[in-house]
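Survey of secondary and tertiary structure
Chain residues, written in single-letter form:
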Amino acid sequence: MQNTVTSKFYRRTWAALAVCLLAAVAGCNRAAVRIPGASLSFPETPTHYVAQKTHPYNAVVLLPIDLRHEHYEEHVAGSRWTGCRTDPLWTTEAPVIIRDRIGTELTASKLFARVSKAQSEPSDIVIRSEIHAFCSQAVGFFFVRVAGISALKITVERNGRVLFQHKFERVVTDGDPQYSGSQVGFIEQAMKVTMADSLRELLKDFFVRLEREAQVGTLPNPSLQSGPAASGRPLS
């Protein structure tokens, strides 16, 4: 009888320890702890960027190439946060979300006369991108810090020639002033909000660069059929 009681005691003890260990591991990165149905759709986080001048180009935003698997564990934006496998999105959603968000915000900025998803003329400004990071992490146990992580390598082309290419990176945590969500809620939703906020800040950086390139002449006059173009340098 005593052996039976002792055996039950040890089984319960080990079971309790296993639960505690699982909770501790999840506490290191709670991105894996999700509540199905707790989150809403990917948040709308407008940049509110308005260009100083509308340029007479048709800008084409192509579907990004998802290369996140090649950049796991790379530090992003000079921070301790890295590209990660954990995010609250289905894998196939990320390229569509990013393309649509770039197109929507670029249209609202009025930087170009037209913005579309398909190239119609060789003289169109074509925006290509690679996704190096687009994820979120929730780290901690009793106190959880959530971070949204975005890194895009963006190439702007015309007539098959590269006008400029740059890697834009941003990290926004739920403790940053750029965070637009609530401090109270489900972890998965905070993960989506920080991701959306990091993408918004990245796009603002991209638009600033894109407008500067247009002002200094890197983006050519659409009336020209062709001309010398060098990556990151104005036309002579």
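Conventions used here
Per-chain numbering applies: the sequence of each chain, read as written, is numbered from 1 onward. Given that this is a predicted model, residues contribute local features only at a pLDDT of at least 70 and side-chain atom pairs are listed and counted only at 80 or more, while totals for whole chains, interfaces and linings are drawn from all residues. Side-chain metrics in this entry use all non-hydrogen atoms of the structure; hydrogen atoms and water are not considered. What is meant by a nonpolar core is a set of buried Ala, Val, Leu, Ile, Met, Phe, Trp, Tyr and Cys residues, joined one to another through side-chain atoms within 4.5 Å. Between buried and exposed lies partly exposed: a residue is buried under 20% and exposed over 50% of the maximum accessible area for its type, with that area taken using a 1.4 Å probe on protein chains only. Note on conventions: DSSP H or I runs of at least 4 residues are helices, E runs of at least 2 residues are strands, and numbering of each starts at the N terminus. Residue contacts are defined here by distance: any two heavy atoms, one from each residue, within 4.5 Å place the two residues in contact. Throughout this description, the term salt bridge denotes a Lys or Arg side-chain nitrogen within 4 Å of a carboxyl oxygen of Asp or Glu. Strand pairing requires that DSSP identify at least two bridges connecting the strands. Here the expected length of a helix is defined as 1.5 Å per residue gap, with one fewer gap than residues. Note on aromatic pairs: the rings of Phe, Tyr and Trp (six-membered ring only in Trp) are paired at centre separations within 6.5 Å, and the planes decide the class, stacked below 30 degrees, edge-to-face beyond 60, tilted for the rest. The predictor attaches a confidence to each residue, and that confidence, scored 0 to 100, is pLDDT.

1. Topic: the nonpolar core
Membership of the largest hydrophobic core comes to 33 residues, with the highest contact counts inside it found for L106, V156, F206 and L210. At the level of elements, β1 (55–61), α2 (93–109), β4 (125–139), β5 (145–158), β6 (161–173) and α3 (187–216) are the ones that each hand at least two residues to this core. Sorting elements by how many residues they give to this core places α3 first, with 9 residues. Apart from residues no more than four positions distant in its own chain, L106 is found in contact with A59, V61, L111, F112, V115, I127, F207 and L210. With 9 residues, the next largest nonpolar core counts V76, C84, A133 and C135 among its residues.

2. Some points on the pattern of salt bridges
Counted by the stated rule, this structure contains 12 salt bridges. Residue D66 pairs with R68 through a salt bridge whose shortest N-O separation is 2.9 Å. For R68, a relative accessible area of 7% translates into the label buried. Here K204 and E201 are joined by a salt bridge, their closest N and O atoms 3.5 Å apart. Of this pair, K204 and E201 both sit in helix α3, 3 residues apart, roughly one helical turn. By relative accessible area, K204 is classed as partly exposed at 28%. A residue is classified by how much of its surface remains accessible, and E201, at 7% relative accessible area, is buried.

3. Examining the pairing of β5
In terms of burial, β5 is a largely internal element, 12 of the 14 residues being buried. Strand direction decides the pairing type here: β4 and β5, joined by 13 bridges, are antiparallel. Of the residues in β5, the one forming a bridge with I127 is V156. In this antiparallel pair of consecutive strands, β4 and β5, the connection spans 5 residues, and G140 shows a positive phi of 130 degrees. Strand direction decides the pairing type here: β5 and β6, joined by 12 bridges, are antiparallel. Opposite A151, over in β6, you have E169 as the bridge partner. In this structure, the hairpin formed by β5 and β6 is closed by a connection of 2 residues, where N159 is found at a positive phi of approximately 55 degrees.

4. Notes on α3
In a regular helix each residue adds 1.5 Å, so 30 residues correspond to 44 Å; α3 covers 44 Å between its end C-alpha atoms and thus fits that length. By the criterion of burial, α3 is predominantly enclosed, with 23 of the 30 residues buried.

5. Thoughts on the packing of aromatic side chains
Scanning the entire structure with this criterion turns up 5 aromatic pairs. Their ring planes at 55 degrees and their centres at 5.8 Å tell us that Y49 and F207 sit as a pair that is tilted. On the criterion of sequence distance, the pair formed by Y49 in the loop between α1 (2–28) and β1 and F207 in helix α3 is long-range, its members being 158 residues apart. On the accessibility criterion, F207 (0% relative accessible area) is buried. A centroid spacing of 5.7 Å and a plane angle of 45 degrees characterise the contact between F206 and F207, whose relative ring orientation is tilted.

6. Let's talk about the confidence of the model for the chain
Averaged over all residues, the pLDDT of the chain equals 79, while 72% of them reach at least 70. Per-residue pLDDT stays below 50 along residues 12–28; that stretch engages in 9 contacts with residues further than four places along the chain or on separate chains. Scored below 50 in pLDDT, residues 223–236 makes 27 contacts in the model with residues more than four places away or belonging to other chains.

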